[in-house]
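# Chains, contacts and geometry: an overview
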There are 2 protein chains.
Amino acid sequence: MRTSQYVLSTLKETPSDAEVISHQLMLRAGMIRKLASGLYTWLPSGLKVLRKVERIVREEMDKAGALEVLMPVVQPADLWEESGRWEQFGPELLRINDRHERPFALGPTHEEVISELVRKEINSYKQLPINLYQIQTKFRDEVRPRFGVMRAREFTMKDAYSFHLSQDCLQKTYDAMFQAYCNVFDRLGLEYRAVIADTGSIGGSVSHEFHVLAESGEDAIVFSDGSDYAANIEKAECLMPSIERPAPSADVAKVATPNAHSIEEVSAFLKVDAQQTVKTLLVQGVNEEGEASGVVALVLRGDHELNEVKAEKIAGVFAPLTFATEEQIKQTANCEAGSIGPQGLSCPVIVDRSASVLADFVCGANETGFHLTGVNWLRDIETFEVADIRNIQEGDLSPCGQGKVSIKRGIEVGHIFQLGTKYSEAMNVGVLTESGKHEVLTMGCYGIGVSRIVAAAIEQNNDKWGIKWPQAIAPFQVVVLPMNMHKSHRIPDIAEKIYADLQAKGIEVIFDDRKERPGVMFADWELVGVSHTIVIGERNLDEGIVEYKCRTTGEKQSVKIDEIVDFVSAKIA
Amino acid sequence: MRTSQYVLSTLKETPSDAEVISHQLMLRAGMIRKLASGLYTWLPSGLKVLRKVERIVREEMDKAGALEVLMPVVQPADLWEESGRWEQFGPELLRINDRHERPFALGPTHEEVISELVRKEINSYKQLPINLYQIQTKFRDEVRPRFGVMRAREFTMKDAYSFHLSQDCLQKTYDAMFQAYCNVFDRLGLEYRAVIADTGSIGGSVSHEFHVLAESGEDAIVFSDGSDYAANIEKAECLMPSIERPAPSADVAKVATPNAHSIEEVSAFLKVDAQQTVKTLLVQGVNEEGEASGVVALVLRGDHELNEVKAEKIAGVFAPLTFATEEQIKQTANCEAGSIGPQGLSCPVIVDRSASVLADFVCGANETGFHLTGVNWLRDIETFEVADIRNIQEGDLSPCGQGKVSIKRGIEVGHIFQLGTKYSEAMNVGVLTESGKHEVLTMGCYGIGVSRIVAAAIEQNNDKWGIKWPQAIAPFQVVVLPMNMHKSHRIPDIAEKIYADLQAKGIEVIFDDRKERPGVMFADWELVGVSHTIVIGERNLDEGIVEYKCRTTGEKQSVKIDEIVDFVSAKIA
């Protein structure tokens, strides 16, 4: 490929609406262009990367015995009604009517469609297990699409679904998918971690996420320094402190805390450590019919953060977690939000494990502008439950019981689930077993955010000049970069020969035949981030050498002209 | 691949709702499954074929210098408003609102999106010409989806768009695309024709369709036996007859034609040849604002058929062509539809060229149950226009003036257009020229129905046992078919070795390791239609031979076991 016949489309300026580095660099390097909010066109360089990611994913899925299919983007509503998700799914599910006013949705995921296929197609235990996947366009109508293709509305995903007669069989496929995902991310050349994860709205029991590690990652990943344990912070359990709760040694006293609303302000005003205070949050409760009803108090140690995923799983708490309105706070605690405390509340009280071992602590007095000191569980607050509802923190004991916790940032690029029978029961997906009985199947599902990987790879691999693609997914393998070619007698022939020889070896080369200044060309290719560059300049030609540069490692080397093709081929291999 | 680890999903019965052979065979051979009206899931065998078609299309587009991009399925309405198609496009354009009630459409084609991209990205004549393509999911909300993937609502298309500063430059790219399409269909191994075509709702001037020839084709293709001329019947001009109109020799007489409504009935009743009669059709007229207004009479020779595409292009005729209502007929001709005639009508009269050279002809009397005989142009009907508004017929003079016409059936699988400035003017797509002036670009567009090709290939290549895939797109290259393998001591080892040796050569083999009767296995593979089969049976093993069968040619041959792999490799090459 020659740049004169290509659309390089690099930009000097960083577009103002791009917040994260991958979004900025994908725009600047001519990878994508925005069509509308959360909708992007992939330009030639970006699509080359996307297709390379796709190919690696496809090869590893095939190797693991999964069979590729292709399901429609547009899905009939009746299947979603069968699974119950037509009601449950939020406005991210874009619902549409066709010309005959029949309801459909743009597929954000395909559990329903694959279940419909399998219940019709697979009838006998002899056809099991089966693992079907697709690489396909998905749509999620995000309320606030952002970060470019990282959180777009339309995106490319690999989704796989497996069906089994036993948990053992599911576990085997799950393990094979786990390994296939490791192979994918190894081949992509990314630093990643598989971590224990919450199953969220998809459902199921066991689940792992695959994260590309990057400081800009939206997710917090918890690691143990004493074991292999790694989990999404959503899922990382905070163990019960091993210390006993001290006996009460102070009496309750009400103190005025004027203008002190936050824990920081209260502890500064009262000159006590935040660890000796508790904060009380009121959230929506739930009745037996699953409807929002009443409020529930959540109590955390002052220096701790609420873990919403853990909290909304507590019996009696409404999901998704919803904070109480000002009016509900007034009715329940008779004060402003900054002065709520667990003593004397008429609603259920859930106390985090760490808060439950405090004695003589500070809390809100349920009277605006006042706090209580010297408060003690059981003595002063008789009825409460203890649960794990906080985020684990750096330095905490690891959930596995071994070592201490450190926290890194990650970008979720894959997620595998043991779904169990959630969909197959609702949609009656079963087969005849060897003994002739009809049995409902157990399911697994396995997703990879194909287009998101492109952005995550950039978040992990960039510097101030641009992208540093891992070699396996760079848009080109080699750039041939002749300097001032149009002013030289010798350079064109040499550059053309190197270009032709590389192509003859099946290497993807881009030949920069533009009449640009060397500075512009260098800047463009550092921005685009192709791994291997061959610079051909007039000065070195007398010595018969060209310059090799590696964008990834920074390596620079002078190489003889007649050795450069073999030299670069060896680098690529 | 082993069938035991594959989803073959063949069906014995022909599904009742499949009308055409390709739809029946795609269902029976386990290629596709219906999800909802016009929505299909591609099963593994079908997807393998689809991907092979895609790959051939991609390779030839790349070779022709086109650059691959990927545009969103979901498109913002404002672009369609700019081009004017938000109003013009019928309900095939599925319009949707997102969660913020912003209007979008599912893309049936991407002229607007590519124009938006190019007007932002391409600013200088130096960046031209450019030809961008994608292989992508499209949606058309057909009123009556049918024939499986032949006329589905969701389908895969390759669409390319080129931009130029001159007609010469457009013509060069158009010619290159023409050649690329020929290469694609040659490589696919299909019998096809490129034919002159109408540009329809896409717009533009010059246009060619590519048709796969098949008796079941929906389109009629006109060929000359005296030249290379080939055109869609929609576009094939009927030349003005070279004969002079004879002078009138009879007087007008009104005759009762009770119960004779059609031309067949009238000519039988009056004992005149249908060629000596004319039929008169009333259609909707149009005013200067482009609104439907009044009616227009179209007059054809009794044995000729109206060409609606030609008719709706006549000035004064409303497009799309709309027949007059019963009430309009009553008002204009004061009779039933079967008795309309051109004499005495107050509306404009358009006479087909062939009808215009008749003398002493029969036509309706504008009185229910009566016709006129001995009618003559000019003498009896003073005001009329002559135009080409009929379908050409087998045996007619070729539009090119050389030879006679024959007609074959075709399935449209590709369509290329010289669009001109229709979109680029409406959407202001231009660049700065060398002299610094802003100039609007001229456009070409080039489509291939990727998923439709799969069905068309079957329509052309099948017999009563099933599909006969052209080798280049068969789901597998070779089937290894051991007979009663589970009852044999010798067969498994031989079959496994042949399987392994073929795989080692990079050949896509399916090994049928099922415990099925030979008859079932033969029937399945004749249905699926893989080109090359190796049958390993106990009887021949003593002689050290296996049997080779070719599904496409019907060739059968006994081959020595240790020669079969080379034998089949040679067949494939």
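Small disclaimer: the values here were computed from a predicted structure and weren't measured.

Basis of the calculations
Residues numbered from 1 in each chain as written. Chains lettered and ligands numbered in written order. Predicted model: local features only at pLDDT ≥ 70, side-chain atom pairs only at ≥ 80, totals over all residues. Heavy atoms only, no water. Helix = DSSP H or I, 4+ residues; strand = E, 2+ residues; numbered from the N terminus. Areas by Shrake-Rupley, 256 points an atom, 1.4 Å probe, with all protein chains shown as cover. Lys, Arg positive; Asp, Glu negative; His and termini not counted. Charge placed at Lys NZ, Arg CZ, Asp CG, Glu CD. Contact = heavy atoms within 4.5 Å. Buried area = accessible area lost by both parts, 1.4 Å probe. Salt bridge = Lys/Arg side-chain N within 4 Å of Asp/Glu carboxyl O. Polar contact = N/O pair within 3.5 Å; in protein donor to acceptor, adjacent residues only side chain to side chain. Buried < 20%, exposed > 50% of the residue type's maximum accessible area, 1.4 Å probe, protein only. Pairing = 2+ DSSP bridges. Arc of directions from axis to C-beta. Axes fitted to C-alpha atoms, helices over the stretch in contact; angles between N-to-C directions. Parallel < 35°, antiparallel > 145°, perpendicular 65-115°, else oblique. Left-handed = near helix turned anticlockwise from the far one by under 90°. Nonpolar A, V, L, I, M, F, W, Y, C, P; charged D, E, K, R; others polar. Least-squares fit on C-alpha atoms with pLDDT ≥ 70 in both. Phe/Tyr/Trp six-rings, centres within 6.5 Å; stacked < 30°, edge-to-face > 60°. Lys NZ or Arg CZ within 6 Å of the ring centre and 35° of its normal. pLDDT = per-residue confidence, 0-100.

Along its length, chain A carries 15 helices and 30 strands. Considering only C-alpha atoms, chain A reaches an extent of 95 × 70 × 50 Å along its principal axes. Carbon and sulfur atoms make up 48% of the accessible area of chain A, which totals about 23900 Å². If you average the places of the 61 positive and of the 83 negative side-chain charges in chain A, the two averages end up 7 Å apart.

What follows concerns the interface of chain B and chain A. Taken together, the contacts link 54 residues of chain B with 54 residues of chain A. Together, the buried faces of chain B and chain A total about 4400 Å²; carbon and sulfur atoms form 64% of this surface. Broken down residue by residue, the surface that chain B buries against chain A is led by Leu35, Leu70 and Arg99 of chain B, which jointly contribute 16%. At the boundary of chain B with chain A, the tally comes to eight salt bridges. With a closest N to O distance of 2.9 Å, Asp98 of chain A and Arg153 of chain B form a salt bridge. In this assembly, chain B and chain A are joined by 20 residue pairs in polar contact (both at pLDDT 80 or more).

Turning to the environment of Leu35 of chain B, a few remarks are in order. Residue and element names in this part refer to chain B. Following the sequence through the fold, Leu35 ends up in strand β1 (residues 32-36). Here Leu35 falls in the buried class, since its relative accessible area comes to 13%. As for Leu35 and Val286, which are separated by 251 residues in sequence, their C-alpha atoms are 42 Å apart.

What follows is about the pairing of strand β15 (residues 292-301) of chain B. Residues and elements named next belong to chain B. Burial of β15 is extensive: seven of the 10 residues sit out of reach of the surface. Bridge analysis of strand β14 (residues 278-286) against β15 gives eight bridges, and the strand direction is antiparallel. Paired with Gln284 across the strands is Val295, a residue of β15. Taken together, β14 and the strand that follows it, β15, pair antiparallel across an intervening segment of five residues, in which Gly290 is found at a positive phi of about 85°.

All names here are of chain A. Those residues of helix α13 (residues 518-528) not exposed but buried are Val520, Met521, Asp524, Trp525, Leu527 and Val528. Burial along α13 is one-sided: seen end-on, the buried residues are contained in an arc of 155°. Buried residues along α13 sit against α1 (21-28), β25 (466-467), β26 (478-482) and β27 (509-511). Positive phi appears at Gly529, one or two residues downstream of α13, with a value of about 85°.

The subject of this paragraph is the packing of helix α2 (residues 44-63) of chain A against helix α6 (residues 167-188) of chain A. Residues and elements named next belong to chain A. Taken N-terminus to C-terminus, the directions of α2 and α6 make an angle of 150°; their axes are 9 Å apart at the nearest point. Between α2 and α6, the interaxial angle falls into the category roughly antiparallel. For the pair α2 and α6, the crossing hand works out as right-handed. Here Val53, Ile56, Val57, Glu59, Glu60, Met61 and Lys63 of α2 lie close against α6, whose contacting residues are Met177, Ala180, Tyr181, Asn183, Val184, Arg187 and Leu188. Residues that form the contact of α2 with α6 fall into these classes: nine nonpolar, one polar and four charged.

Moving on, we come to the relation of the copies chain B and chain A. With an RMSD of 0.1 Å, chain B superimposes on chain A once it is rotated by 180° and translated 0.0 Å along the axis. The superposition of one copy onto the other is thereby described by a two-fold rotation axis. By C-alpha distance to the rotation axis, the residue of chain B lying nearest is Ile96 of chain B, at 3.1 Å.

As a further point, take the sheet that holds strand β16 (residues 349-352) of chain B. Residue and element names in this part refer to chain B. Within the open sheet, the four strands sit side by side as β14-β15-β16-β19. Their pairing is mixed. Either end of the sheet is taken by a strand with one partner, and the two such strands are β14 and β19 (385-387). Taking each pair of neighbouring strands and ignoring which way they run, the sheet shows an average axis angle of 30°.

It is worth spelling out the pattern of salt bridges at this point. Applying the stated rule across the entire model yields 82 salt bridges over all chains. With a closest N to O distance of 2.9 Å, Asp380 of chain B and Arg379 of chain B form a salt bridge. On the accessibility criterion, Arg379 of chain B (35% relative accessible area) is partly exposed. Between Asp463 of chain B and Arg551 of chain B there is a salt bridge whose closest N-O contact spans 2.7 Å. Taken together, the residues span a long stretch of sequence, with Asp463 of chain B in strand β24 (residues 462-463) and Arg551 of chain B in the loop between β29 (545-550) and β30 (556-560) at a distance of 88 residues. You can call Arg551 of chain B buried: its relative accessible area is 10%. If you follow the salt bridges from partner to partner, you end up with Arg140, Glu142, Arg146, Arg151 and Glu218 of chain A in one network.

Cis rather than trans, the peptide bond between Ala319 of chain A and Pro320 of chain A has omega equal to 0°. Checked against the element boundaries, Pro320 of chain A lands in the loop between α8 (308-311) and α9 (326-333). Looking along the chain, the bond that leaves Leu128 of chain B and enters Pro129 of chain B is cis, with omega of -5°. Tracing the backbone shows Pro129 of chain B in the loop between α5 (111-121) and β7 (130-139). Look at Leu378 of chain B: it is not a glycine, yet its phi comes out positive at around 70°.

We now examine the pairing of strand β18 (residues 370-375) of chain B. Residue and element names in this part refer to chain B. Direction of pairing for strand β13 (residues 253-256) relative to β18: antiparallel, over a ladder of four bridges. Along β18, the bridge assignment pairs Lys254 with Leu372. Pairing between strand β17 (residues 361-364) and β18: three bridges, direction antiparallel. Looking at the pairing, Gly364 lines up with His371 of β18. Between β17 and β18, which pair antiparallel one after the other, the connecting turn spans five residues, and Asn366 there sits at a positive phi close to 55°.

Residue and element names in this part refer to chain A. With the rule as written, the count across this model stands at 22 aromatic pairs over all chains. When the centroid spacing of 5.5 Å and the interplanar angle of 80° are considered together, the rings of Trp80 and Phe89 count as edge-to-face. Since its relative accessible area comes to 12%, Phe89 is described here as buried. In textbook terms, an aromatic cluster arises when at least three aromatic residues are bridged by ring pairs, as seen for Phe178, Tyr181, Phe185, Tyr192 and Phe210. Cation over ring: Lys408 sits above Phe223, and NZ or CZ is 5.5 Å from the ring centre.

All names here are of chain A. If you walk across this open sheet you meet the four strands as β14-β15-β16-β19, and the pairing is mixed. Of all the strands in the sheet, the pair left with one neighbour each is β14 (278-286) and β19 (385-387). Each strand axis lies, on average, 30° off the axis of its neighbour in the sheet, ignoring direction.

Here we come to the confidence of the model for chain A. Taken residue by residue, chain A gives an average pLDDT of 95. The fraction at 70 or more is 99%. Listed scores for the predicted complex are pTM 0.92 and ipTM 0.91.

Glancing now at the side chain of Ser83 of chain A. All names here are of chain A. Here Ser83 shows up in helix α3 (residues 77-83). Within the local environment of Ser83, its side chain forms a polar contact with the backbone oxygen of Trp80, the two atoms lying 3.2 Å apart. Once residues within four sequence positions are removed from consideration, Ser83 is found in contact with Glu112, Tyr423, Ala426 and Met427.

With that settled, the discussion passes to the packing of α2 of chain A against helix α11 (residues 450-460) of chain A. Residue and element names in this part refer to chain A. With their axes 9 Å apart at the nearest point, α2 and α11 run at an angle of 115° to one another. Once α2 is placed against α11, the crossing between them reads as right-handed. Residue-level inspection shows Val49, Leu50, Val53 and Glu54 of α2 in contact with α11, the latter providing Val450, Ser451, Ile453 and Val454. Looking at the contact of α2 with α11, its residues break down into six nonpolar, one polar and one charged.

All right, on to the side chain of Ser9 of chain B then. The topology assignment puts Ser9 of chain B in the segment before α1 (21-28). A polar side-chain atom of Ser9 of chain B sits 3.0 Å from a polar atom in the side chain of Glu121 of chain A. Apart from the residues lying within four places of it in its own chain, the contact partners of Ser9 of chain B are Glu121 of chain A together with Leu27, Arg28, Ala29, Gly30, Arg33 and Leu43 of chain B.

Next up on the list: the environment of Ile314 of chain A. Residues and elements named next belong to chain A. Checked against the element boundaries, Ile314 lands in the loop between α8 and α9. Sequence-wise, Ile314 and Leu213 are 101 residues apart; in three dimensions their C-alpha atoms are separated by 31 Å. Discounting chain neighbours no more than four positions away, the residues touching Ile314 are Ile350, Ala387 and Ile389.

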